[in-house]
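Residues per chain, in single letters:
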Amino acid sequence: MASDLLSIGKSGARVARAALEVTSNNIANASTEGYVRRSVAVSEVASGVSLTTPSAINLSGARITGIVRNADTFRQAEVRRTGSDAARAAAEVQGLENVEAALEKTGVYDSIVSFEGSLKQLLSDPTDGSLRAQVVEDARTMAQTFNTAAQSLDSAAKGLQFEAKDGVDQINTTAGELARVNLRLMRAPDASSDQSALLDQRDALLQKLSGQADITTTINPDKTVSVMLGGPTGSALVSGTTANTLAMSTSASGTLNFTVGSQPVTLSSGAIAGKAQALVELSSARTALNGIAANIATTINTGQAGGVDLQGNPGQPLFSGTDAASLKMVAGGGSAIATAPAGAPANSRDVGNLTAMRAAFDAADPAGRMDTLLFTVSSAVAGRTVTRDALDTIASSAKVALQSQAGVNLDDEAVNLMRYQQAYQASARVMQVASDLFDSILGIR
């Protein structure tokens with residue numbers, strides 16, 4: 001009997017000590033990002049059937065059957081999904097804000113209005129040198145603001161492309177790390193502390209991947225994970241110990257395309273998808289801006305060709321260039337403005353051609369088109385911001401739900417620490433009693 005008591009006490013002390021170590025580890029990692037709370041799984045030890053009472057079980061203490069990670073795969077998947085959506089929205093808003101700044105802060109709209117105003121003032125006295133100089137100067141300023149806006153858009157596009165490429169590199173690096181974790185999981189003993197740590201790494205890497213792109217995961221029986229990129233029907237990024245490579249290419253319009261291996265893949269969430277969508281919006285804004293610039297040059301130059309300048313010479317183009325980046329004022333001075341109709345003498349005060357030019361310019365309505373472009377971009381920023389904030393709230397709620405289930409609660413761990421300390425002391429007392437009984441039996445003569 002003393003021997004049985006000693007075995008039971010010893011097994012209880014072993015279990016309590018292991019539980020204390022797990023609890024201490026939980027407390028130490030309470031603030032560790034990605035750490036999932038552990039607990040020990042304990043079961044009774046049955047040594048066999050009693051010969052005198054066959055239906056009875058001869059109990060021999062307790063044993064640890066494994067270390068349990070208190071992870072909820074559904075909540076983890078929700079954190080990844082909602083976080084990926086929030087990352088896409090945040091990246092898209094940031095990109096659109098850069099587009100908005102490129103168009104608004106360069107003052108393109110104001111420069112168009114100023115040019116229109118100087119043309120109108122010239123109607124009052126077409127021979128006034130200062131009014132003609134003002135038209136030329138406003139034309140030059142307008143062209144320069146278009147140039148600056150185009151450069152700003154190019155800069156914003158390059159920034160988004162660089163960030164997207166960095167995200168692609170992060171995905172490839174993370175996928176390689178995940179494949180190595182899969183290999184170690186295949187070799188790790190089941191329900192061991194090593195396996196628990198590897199599972200934490202696995203889940204942290206999946207969380208990192210989901211921040212960049214939408215992923216679909218499958219947890220295999222050996223605890224390894226398979227990852228599909230671009231939704232359930234996308235391309236395999238990680239399969240067992242193999243990590244495929246995500247590649248990015250840039251089209252002529254500046255938008256992005258992605259492939260895994262040789263298979264095209266469409267990213268619908270994650271930061272990379274947000275940057276890609278912002279580049280689509282940027283490309284659309286650039287096309288609109290180029291159209292406005294080209295229309296201004298065509299309208300004014302066509303008007304110039306229909307009249308004569310201050311010296312009575314046929315009107316020459318005021319602008320060169322076919323888009324916002326190349327638009328340039330090329331007139332040699334204010335006298336080059338063809339205010340008079342064809343055939344009029346030098347220094348003519350006839351403003352027939354200028355009137356027709358202004359009418360054509362008003363019909364083209366570059367200021368209205370620019371205002372529409374600005375409103376479109378600003379509305380997109382406002383709308384995407386609302387979406388981003390809503391998705392942030394949803395993602396935060398998902399994180400809170402996961403943390404409440406898988407995170408470390410120091411109050412609970414303090415209670416467990418006291419409970420396992422008492423269990424250890426009780427088991428030690430059982431072993432002491434068993435030792436005393438054994439000594440008493442030996443002392444009987």
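Before going into details, it helps to say that this report is about the structure given with it. (Residues numbered from 1 in each chain as written. Predicted model: local features only at pLDDT ≥ 70, side-chain atom pairs only at ≥ 80, totals over all residues. Heavy atoms only, no water.)

**Brief notes about the overall build of the protein**
Per the secondary structure count, the protein includes nine helices and 13 strands. Against the globule reference of 22 Å for 445 residues, the protein gives a C-alpha radius of gyration of 38 Å, more extended than a compact globule. Once the C-alpha set of the protein is aligned to its principal axes, its extents read approximately 145 × 45 × 30 Å. The buried share among the 445 residues of the protein stands at 42%. In the protein, the proportion of contacts linking residues at least 24 apart, taken out of those at least 6 apart, comes to 71%. Of the accessible surface of the protein, which amounts to about 21800 Å², a share of 54% is contributed by carbon and sulfur atoms. Charged side chains in the protein number 35 positive and 42 negative. The centres of these two groups are separated by 8 Å. (Helix = DSSP H or I, 4+ residues; strand = E, 2+ residues; numbered from the N terminus. Rg over C-alpha atoms; globule rule 2.2 N^0.38 Å. Buried < 20%, exposed > 50% of the residue type's maximum accessible area, 1.4 Å probe, protein only. Contact = heavy atoms within 4.5 Å. Areas by Shrake-Rupley, 256 points an atom, 1.4 Å probe, with all protein chains shown as cover. Lys, Arg positive; Asp, Glu negative; His and termini not counted. Charge placed at Lys NZ, Arg CZ, Asp CG, Glu CD.)

**Some remarks on the sheet that holds strand 5 (residues 235–239)**
Through backbone hydrogen bonds, the strands of a sheet pair up, either in parallel or in antiparallel fashion. Spatial ordering of the open sheet is given by 3-4-5-6, a layout of four strands whose pairing is antiparallel. Of all strands in the sheet, those with a lone pairing partner are strand 3 (215–219) and strand 6 (242–243), marking the two edges. Summarising the sheet, strand 4 (residues 225–229) and strand 5 pair through three bridges and their orientation is antiparallel. Across the sheet, the residue bridging to Val 227 is Val 238, located in strand 5. Along the sheet, helix 4 (residues 129–187) makes contact with strand 4, strand 5 and strand 6, crossing strand 5 at roughly 45°. (Pairing = 2+ DSSP bridges. Axes fitted to C-alpha atoms, helices over the stretch in contact; angles between N-to-C directions.)

**Digging into the layout of surface pockets**
Within this model, the largest pocket holds a volume of roughly 520 Å³. Taken together, 20 residues make up the lining of the largest pocket; nearest its centre are Glu 33, Gly 34, Tyr 35, Leu 402 and Gln 403. For the lining of the largest pocket, the per-class residue count stands at eight nonpolar, seven polar and five charged. Size it by volume and the second largest pocket reaches roughly 170 Å³. In terms of lining, the second largest pocket is formed by 13 residues, of which the most central are Arg 69, Gln 195, Leu 199, Arg 202 and Lys 223. Broken down by secondary-structure element, the contributors of at least two residues to the lining of the second largest pocket are strand 2 (57–69), helix 2 (73–104) and helix 5 (193–212). (1 Å grid on protein atoms, 1.4 Å probe; cavity = no way out; pocket = protein on both sides within 12 Å on 5 of 7 lines; lining within 4 Å. Points joined across faces, edges and corners; volume = space filled by probe spheres on them. Nonpolar A, V, L, I, M, F, W, Y, C, P; charged D, E, K, R; others polar.)

**Quick word on the pattern of salt bridges**
Evaluated as defined, the whole model comprises 16 salt bridges. Asp 72 serves as the salt-bridge partner of Arg 75, at 3.7 Å between the closest nitrogen and oxygen. On the basis of relative accessibility, which here comes to 23%, the residue Asp 72 falls in the partly exposed class. Close ionic contact of Arg 349 with Asp 125 constitutes a salt bridge, the shortest N to O distance being 3.2 Å. Within this pair, whereas Arg 349 is found in the loop between strand 13 (340–341) and helix 7 (352–364), its partner Asp 125 is found in the loop between helix 3 (108–122) and helix 4, the two being separated by 224 residues in sequence. On the basis of relative accessible area, Arg 349 is assigned to the exposed category, the value being 52%. Residue classification places Asp 125 among the partly exposed residues on the basis of a relative accessible area of 21%. When salt bridges with common partners are traced through the structure, they connect Arg 88, Glu 92, Glu 281 and Arg 384 into a single cluster. (Salt bridge = Lys/Arg side-chain N within 4 Å of Asp/Glu carboxyl O.)

**Looking at the nonpolar core**
Of all hydrophobic cores here, the largest spans 80 residues; its most connected members are Leu 103, Phe 146, Leu 289 and Phe 319. If you tally residues by element for this core, the top one is helix 4, at 20 residues. Residues in contact with Leu 289, not counting those within four places in the same chain, are Leu 103, Val 108, Phe 146, Ala 149, Ala 150, Leu 153, Ala 324, Met 370 and Leu 373. (Core = buried A, V, L, I, M, F, W, Y, C linked by side-chain atoms within 4.5 Å.)

**What about the packing of aromatic side chains?**
One pass over the structure, following the stated rule, counts two aromatic pairs. Plain terms: the ring middles of Phe 115 and Phe 361 are 5.6 Å apart, the flat faces sit at 70° to each other, and that makes the pair edge-to-face. Taken as a pair, Phe 115 in helix 3 and Phe 361 in helix 7 lie far apart in primary sequence, 246 residues in all. Summarising the burial analysis for this pair, Phe 115 and Phe 361 share the class buried. Aromatic ring contacts, followed pair by pair, group Phe 115, Phe 319 and Phe 361 into a single cluster. (Phe/Tyr/Trp six-rings, centres within 6.5 Å; stacked < 30°, edge-to-face > 60°.)

**Looking at the packing of helix 2 against helix 6 (residues 271–305)**
Running from N to C, helix 2 and helix 6 cross one another at 25°; their axes reach a closest spacing of 6 Å. With respect to each other, helix 2 and helix 6 are oriented roughly parallel. Relative to helix 6, the crossing made by helix 2 is right-handed. Contacts from Ala 87, Arg 88, Ala 91, Glu 92, Gln 94, Gly 95, Leu 96, Val 99 and Leu 103 in helix 2 reach Ala 271, Ala 273, Gly 274, Lys 275, Gln 277, Ala 278, Glu 281, Leu 282, Ala 285 and Leu 289 in helix 6. (Parallel < 35°, antiparallel > 145°, perpendicular 65-115°, else oblique. Left-handed = near helix turned anticlockwise from the far one by under 90°.)

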